[in-house]
Amino acid sequence: MYKNLIAVASIFAMAGFAGPAIGQTSSVWDGAYTQDQAARGAVKYRQECVMCHGPVLEGNGEAPPLVGRFIPDWAGTKLADLFDKIRETMPLFAPGTLSPADTSDLLAFILQSNNFPAGTKELEAGDGLKTVSFDVSKPAPKDTKGGKRH
């Protein structure tokens, strides 16, 4: 059994697997969604959200914009917070009716619309979203060498 675990760990290491370790957080700048997922979210947005939030996510005066000034409102939170807000309160006339998959797709579309980069793994409902920081600005690279910068 342990040989299998070591073999799997070795394969991930050779493949350059770079997911966050348990207890670590990642950022929306690390690619929290895929392009395909954002495309599905765009379709769902046109079906469920456009009437309030507008065709280019600009808002309508009562419903807030989902681009631009929207971002600072969520700074310092986790993606789980925004996911829960969408899932529990949207759409306006039928709150709580979006499936977890549709909510994830919509969140991916919102991230894409705000120029956060796509990645290779789909954004999924669950505890993993609690580890993804909604960083307004791209975080500075971490010093992985442990030495002083010159």
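Here the structure is a predicted model, which means the values were calculated and not measured.

S.K.: Help me out: how do you make sense of the packing of aromatic side chains in this one?
M.R.: Two aromatic rings are characterised by how far apart their centres lie and by the angle between their planes. Going through the model one piece at a time under the given rule, you end up with three aromatic pairs. Taking the centre distance of 4.9 Å and the plane angle of 70° together, the rings of Trp29 and Phe116 count as edge-to-face. Note that Trp29 is positioned in the loop between strand E1 (26–27) and helix H2 (35–48) and Phe116 in the loop between helix H6 (100–113) and strand E2 (132–133), a separation of 87 residues in sequence. Consider the rings of Tyr45 and Phe109, whose centres lie 5.3 Å apart with planes at 45°: the pair is tilted. One end of the pair, Tyr45, is in helix H2; the other, Phe109, is in helix H6, and 64 residues separate them in sequence. Overall, the relative accessible area of 2% leaves Tyr45 in the buried class.

S.K.: Honestly, helix H5 (residues 79–89) in this entry has me stumped. Any pointers?
M.R.: Since the α-helix advances by 3.6 residues per turn, residues separated by three or four positions end up pointing in the same direction. Of the residues making up H5, those classed as buried are Leu79, Ala80, Leu82, Phe83 and Ile86. The arc that holds the buried residues of H5, viewed along the axis, is 165°, so those residues lie on one side. Check the buried side of H5 and you find it contacts helix H4 (70–74), H6 and E2.

Calculation rules
Residues numbered from 1 in each chain as written. Predicted model: local features only at pLDDT ≥ 70, side-chain atom pairs only at ≥ 80, totals over all residues. Heavy atoms only, no water. Phe/Tyr/Trp six-rings, centres within 6.5 Å; stacked < 30°, edge-to-face > 60°. Helix = DSSP H or I, 4+ residues; strand = E, 2+ residues; numbered from the N terminus. Buried < 20%, exposed > 50% of the residue type's maximum accessible area, 1.4 Å probe, protein only. Arc of directions from axis to C-beta. Contact = heavy atoms within 4.5 Å.

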